[in-house]
Amino acid sequence: MQSIFIAGNLAADCETIQGKEGAEFLKFNVAVNNGQDEKPTYYSCRMRKTGVADHLKKGRFVAVAGDLKVSTNEKEEKTYVNLDVWVNRLDVSPIAKEG
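Residues numbered from 1 in each chain as written. Predicted model: local features only at pLDDT ≥ 70, side-chain atom pairs only at ≥ 80, totals over all residues. Heavy atoms only, no water.

Here's the deal with the state of the cysteines
Convention followed: Criterion for a disulfide: a pair of cysteine sulfur atoms within 2.5 Å. Each residue gets one of three labels from its accessible area relative to the maximum for its type: buried under 20%, exposed over 50%, partly exposed in between, using a 1.4 Å probe on protein chains only.
Under the criterion given, the structure shown has zero disulfides. Looking at Cys14, it has no disulfide partner, and the nearest cysteine sulfur is the one in Cys45, 11 Å off. Given a relative accessible area of 17%, Cys14 falls into the buried group.

Take a look at the structure:
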């Protein structure tokens with residue numbers, strides 16, 4: 001497993017999902033800016049449910065450390081790369097990004 005550290009903005013509000021054995025998890029996507037003329041890179045993040053869910057709103061700046069899993073899938077003859085992170089540490093900015 002690869003370790004990764006990313007910092008970026010939440011692409012949407014987080015969701016609570018239920019695992020196979022009934023445990024609840026948080027699911028959210030982090031958009032990492034790659035420069036002014038580049039598209040952002042999106043990371044799909046999962047973590048055990050904690051009290052932080054109310055703070056994970058679209059646009060909020062977060063820093064994530066965790067384990068990275070890279071996979072691919074094909075759809076309509078295109079190959080897509082999935083960047084999935086199991087979150088070990090999450091830091092949430094006290095102020096959401098404006099704009």
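A look at the pairing of strand β2 (residues 15–18)
What counts here: Only strands joined by at least two bridges in the DSSP assignment are considered to pair. A run of DSSP states H or I qualifies as a helix once it reaches four residues; a run of E qualifies as a strand once it reaches two. Both are numbered from the N-terminal end.
Two elements, β2 and strand β3 (residues 24–32), share four bridges in a ladder whose sense is antiparallel. Directly across from Thr16, in β3, lies its bridge partner Leu26. If you look at the hairpin formed by β2 and β3, you'll find five residues sitting between the two strands, and Gly22 has a positive phi there, around 95 degrees.

So, the packing of aromatic side chains
For any pair of aromatic rings, geometry is given as the distance between the ring centres together with the angle between the planes. Here is the rule: Each aromatic pair joins two rings of Phe, Tyr and Trp (for Trp, the six-membered one) with centres within 6.5 Å, and gets the label stacked for planes under 30 degrees apart, edge-to-face for over 60, and tilted for any other angle.
One pass over the structure, following the stated rule, counts one aromatic pair. Geometrically, the ring pair formed by Phe25 and Trp86 is edge-to-face, given 5.7 Å between the ring centres and 65 degrees between the ring planes. Placement of Phe25 in strand β3 and of Trp86 in strand β6 (residues 78–96) is noted, with a sequence separation of 61 residues between them. Given the relative accessible area of 18%, Phe25 is considered buried. For Trp86, a relative accessible area of 32% translates into the label partly exposed.

A look at the pattern of salt bridges
The line we're drawing: Salt-bridge detection follows one rule: a side-chain nitrogen of Lys or Arg within 4 Å of a carboxyl oxygen of Asp or Glu.
Counted by the stated rule, this structure contains two salt bridges. The salt bridge partner of Glu24 is Lys49, with a shortest N-O separation of 3.4 Å. Of the two residues, Glu24 sits in strand β3 while Lys49 sits in the loop between β4 (41–48) and β5 (60–75), which places them 25 residues apart along the sequence. Measuring nitrogen to oxygen at the nearest pair gives 3.1 Å for the salt bridge that ties Arg89 to Asp91. The class of Arg89 is exposed, set by a relative accessible area of 52%. Taking relative accessible area as the criterion, Asp91 reaches 33% and is therefore assigned partly exposed.

Quick notes on the side chain of Asn9
Defined as follows: Each polar contact in these results corresponds to two N or O atoms within 3.5 Å; when the atoms are within protein, one needs to be able to donate a hydrogen and the other to accept it, and residues that are neighboring in sequence are counted only if both atoms are side-chain atoms.
Considering the arrangement of structural elements, one finds Asn9 in strand β1 (residues 2–10). Taking relative accessible area as the criterion, Asn9 reaches 19% and is therefore assigned buried. Among the polar contacts listed, one links the side chain of Asn9 to the backbone oxygen of Gly59, at a separation of 2.8 Å.

Some thoughts on unusual backbone geometry
Positive phi values are uncommon outside glycine, yet Glu76 reaches one of about 50 degrees. Tracing the sequence through the fold places Glu76 in the loop between β5 and β6. A positive phi angle, near 65 degrees, is found at Glu77, a position not held by glycine. Considering the arrangement of structural elements, one finds Glu77 in the loop between β5 and β6.

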